[in-house]
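Letter by letter, the chains look like this.
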Number of protein chains: 2
Amino acid sequence: MKIKIADYPTLNKEWDKKETEEKTKKILKRIGKLQNKMYAQNKFSILVVLQGIDASGKDGITKGLLKYCNPLGVKIASFKKPTENEYAHDFLWRVHQVVPRKGELQIFIRSHYEDILVPTVEKYIPSEVIEKRYEVINDFENLLESNGTKVLKFFLNVSKEVQKERLMERIEVKEKHWKHKDGDWDTREKFDEYLGVYERIINTCNRCPWHIVPSDTNWQKLYYVAEVVLNTLEDLDLKWPGLVTEKFRDQIKK
Amino acid sequence: MKIKIADYPTLNKEWDKKETEEKTKKILKRIGKLQNKMYAQNKFSILVVLQGIDASGKDGITKGLLKYCNPLGVKIASFKKPTENEYAHDFLWRVHQVVPRKGELQIFIRSHYEDILVPTVEKYIPSEVIEKRYEVINDFENLLESNGTKVLKFFLNVSKEVQKERLMERIEVKEKHWKHKDGDWDTREKFDEYLGVYERIINTCNRCPWHIVPSDTNWQKLYYVAEVVLNTLEDLDLKWPGLVTEKFRDQIKK
């Protein structure tokens, strides 16, 4: 059945803030413990793909999610407009270079999905070329999964009103000026067009499924994403590696 | 005057643990705030070089130091034995690729100094080749500084006894097995030789000065390093960037 973004809330009215924040803190601490074990084991990895319109809170989630993690086993890639050299390659070339190595928890702030979203709305690549990317992305994510990487994809679902508030803050609050880009307001005018492409992506690039996150508040979206990441870590067969030694052979536990 | 490592304590007996930990927490929070500002400003950067023998606690410092930082503005590079491709280049080639970009706080876990330390003790590169590296490293760090990067170098000074305790833990504690390497015990037999080379490095590659850190306890070394990093951040001319806009020109504060 076709997923419709409009059916998903941007705010979950039943959740209690204080209670949720307490749960989130416990979840984040547990993520930290398991992430460190995953890093030590050097076998599995997790790729968290964060997608959403401007000011949907991708940076904030990244910061929250990693609070108790071992920074040595964490990597962040933030994708901006491709450079000339990147454009001279296929669109997955730059992405493939920064996928997680074994043991790592990797965050993508934006991702290969931008290479469908932007050219579709801005119409600067022929539609048949864009069309192929849906299939190619499914294959690419499949390749990663076959190598022990769990691919978790999140669409940060924020309302048009809340997005406006957040963009306005960047103009009004001194400490947020650096995040302001005039272009974000142009993109905002195409809000619904972008949502349409997202909907198509969510329904088509679904070999690794999407999570649609209520993102009008920071506490709700962090709770939501953290829970999915924790469940994924819990489901991995994480084990502390045994002692590898020639010198201390009598110490090896049978 | 020549610096002698033996004149520096591995443990500072006058420091009170509880009091120091409280001070450290405040320092780390302040580092988080300023690091985020440095990231926003996108002008300066800091390179923290952590050097020390095995089990001197380089990973632990990294984790502690970054506790309140914005992970988007942080990068960690951990240098291992060079690959064949890295060996086929000059020794700074792989290092240069991962220096901080503007705005970043970068941690080096081991560094280009390994390319003096290991070949000197293990004697697999002619001494005249190693000799040149002292000079070349001074020039390299000078290049980084001239581009707005503060280079902070730390030698984690741990006693031979405490090192042994920590290496033993890796054999005895299940959760630490993965850190064990037989080779660390071979290196330990050359403890004093390594210290000798460190002393030469500290006295020669001193265009950006070294800090010799009491590293027998985690709380002392974290306090020491954090304070140097905070002082460096405080000394930078950090400013929130102004609003850059055409669309909202009337909002720009004079």
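Our structure is the block above this text.
Everything in this summary refers to the structure shown in the same document. (Residues numbered from 1 in each chain as written. Chains lettered and ligands numbered in written order. Predicted model: local features only at pLDDT ≥ 70, side-chain atom pairs only at ≥ 80, totals over all residues. Heavy atoms only, no water.)

Quick word on the overall build of chain A
Summing up its helical and strand segments, chain A has 10 helices and 5 strands in all. By the compact-globule yardstick of 18 Å for 254 residues, chain A fits well, its C-alpha radius of gyration being 20 Å. Going through the 254 residues of chain A one by one, you find that 52% of them count as buried. Taking the contacts inside chain A whose residues are at least 6 apart along the sequence as the reference set, 81% of them involve residues at least 24 apart. Summed over its atoms, the accessible surface of chain A is roughly 13000 Å², and 50% of this surface lies on carbon and sulfur atoms. (Helix = DSSP H or I, 4+ residues; strand = E, 2+ residues; numbered from the N terminus. Rg over C-alpha atoms; globule rule 2.2 N^0.38 Å. Buried < 20%, exposed > 50% of the residue type's maximum accessible area, 1.4 Å probe, protein only. Contact = heavy atoms within 4.5 Å. Areas by Shrake-Rupley, 256 points an atom, 1.4 Å probe, with all protein chains shown as cover.)

Thoughts on the relation of the copies chain B and chain A
For the pair chain B and chain A, the best superposition has an RMSD of 0.0 Å and corresponds to a rotation of 180 degrees with a translation of 0.0 Å parallel to the axis. Interpreted geometrically, this transformation is the action of a two-fold axis. Residue B:Lys67 of chain B places its C-alpha closer to the rotation axis than any other residue of that unit, at 3.6 Å. (Least-squares fit on C-alpha atoms with pLDDT ≥ 70 in both.)

Let's talk about the interface of chain B and chain A
Taken together, the 36 residues of chain B in the interface contact 36 residues of chain A. Interface area for chain B against chain A, summed over the two sides, is near 3200 Å², with a carbon-plus-sulfur share of 68%. When residues of chain B are sorted by the area they lose upon contact with chain A, B:Leu72, B:Trp178 and B:Trp240 head the list and together hold 19% of the total. Put simply, A:Lys247 and B:Asp186 hold a salt bridge, and the shortest N to O gap is 2.6 Å. At the boundary of chain B and chain A, one finds 8 residue pairs in polar contact (both at pLDDT 80 or more). The set of elements that each furnish at least two residues to the side of chain B that touches chain A consists of α1 (17–41), α2 (58–65), α7 (160–172) and α8 (182–188) of chain B. In terms of residue class, the side of chain B that touches chain A is made up of 17 nonpolar, 7 polar and 12 charged. (Buried area = accessible area lost by both parts, 1.4 Å probe. Salt bridge = Lys/Arg side-chain N within 4 Å of Asp/Glu carboxyl O. Polar contact = N/O pair within 3.5 Å; in protein donor to acceptor, adjacent residues only side chain to side chain. Nonpolar A, V, L, I, M, F, W, Y, C, P; charged D, E, K, R; others polar.)

Regarding the pattern of salt bridges
Residues and elements named next belong to chain B. Tallying each qualifying case throughout the model produces 34 salt bridges over all chains. A salt bridge links Glu193 to Lys123, with the nearest nitrogen and oxygen atoms 3.9 Å apart. Residue Glu193 is found in helix α9 (residues 191–204), and its partner Lys123 is found in the loop between α5 (114–122) and α6 (127–146); the two are separated by 70 residues along the sequence. Classification of Glu193 by relative accessible area gives partly exposed; the value is 41%.

Digging into the side chain of B:Gln163
Tracing the chain through its elements places B:Gln163 in helix α7. Aside from chain neighbours lying at most four places away, what touches B:Gln163 is B:Ile53, B:Asp54, B:Ala55, B:Val158, B:Arg188 and B:Phe191.

Description of the packing of aromatic side chains
Residue and element names in this part refer to chain A. Taken as a whole and judged by the stated rule, the model has 12 aromatic pairs over all chains. When the ring of Tyr113 is compared with that of Trp210, the centres are 4.9 Å apart and the planes differ by 65 degrees; the resulting orientation is edge-to-face. With a gap of 97 residues between them, Tyr113 in the loop between β3 (105–109) and α5 (114–122) and Trp210 in strand β5 (residues 210–214) connect regions that are remote in the sequence. For the pair Tyr113 and Trp210, a shared accessibility class is recorded, and that class is buried. The residue whose ring lies beneath Arg133 is Phe91, and the NZ or CZ to ring-centre distance is 4.5 Å. (Phe/Tyr/Trp six-rings, centres within 6.5 Å; stacked < 30°, edge-to-face > 60°. Lys NZ or Arg CZ within 6 Å of the ring centre and 35° of its normal.)

With respect to the packing of helix α1 (residues 17–41) of chain A against helix α10 (residues 218–235) of chain A
Residue and element names in this part refer to chain A. Direction vectors running N to C along α1 and α10 enclose 35 degrees, while the axes themselves pass 9 Å from each other. For the crossing formed where α1 meets α10, the hand is left-handed. Facing Lys17, Thr20, Glu21, Lys23, Thr24, Ile27, Leu28, Arg30, Ile31, Leu34, Gln35 and Met38 of α1, the residues of α10 in contact are Trp219, Leu222, Tyr223, Ala226, Glu227, Val229, Leu230, Leu233 and Glu234. In terms of residue class, the contact of α1 with α10 is built from 12 nonpolar, 3 polar and 6 charged. (Axes fitted to C-alpha atoms, helices over the stretch in contact; angles between N-to-C directions. Left-handed = near helix turned anticlockwise from the far one by under 90°.)

Concerning the sheet that holds strand β5 (residues 210–214) of chain B
Residues and elements named next belong to chain B. Sheet architecture is open: 5 strands sit in the order β2-β3-β1-β4-β5, paired in parallel fashion. Two strands in the sheet have a free side with no partner beyond their single neighbour: β2 (74–78) and β5. Neighbour-to-neighbour, the strand axes of this sheet turn through a mean angle of 20 degrees, independent of strand direction. The sheet contact formed by strand β1 (residues 45–51) and strand β3 (residues 105–109) spans 5 bridges and is parallel. Considered in β3, the bridge of Val49 is made with Phe108. (Pairing = 2+ DSSP bridges.)

Quick look at the sheet that holds strand β2 (residues 74–78) of chain A
All names here are of chain A. Read from one edge to the other, the open sheet built from 5 strands follows the order β2-β3-β1-β4-β5, with strand pairing classed as parallel. In this open sheet, the two edge strands, each paired with only one partner strand, are β2 and β5. This sheet shows a mean twist of 20 degrees between the axes of neighbouring strands, independent of strand direction.

Thoughts on unusual backbone geometry
For B:Ala55, which is not glycine, the phi torsion reads 65 degrees and is therefore positive. Counting through the fold element by element, B:Ala55 comes out in the loop between β1 and α2.

By themselves, these are just geometric observations and shouldn't be taken as functional.
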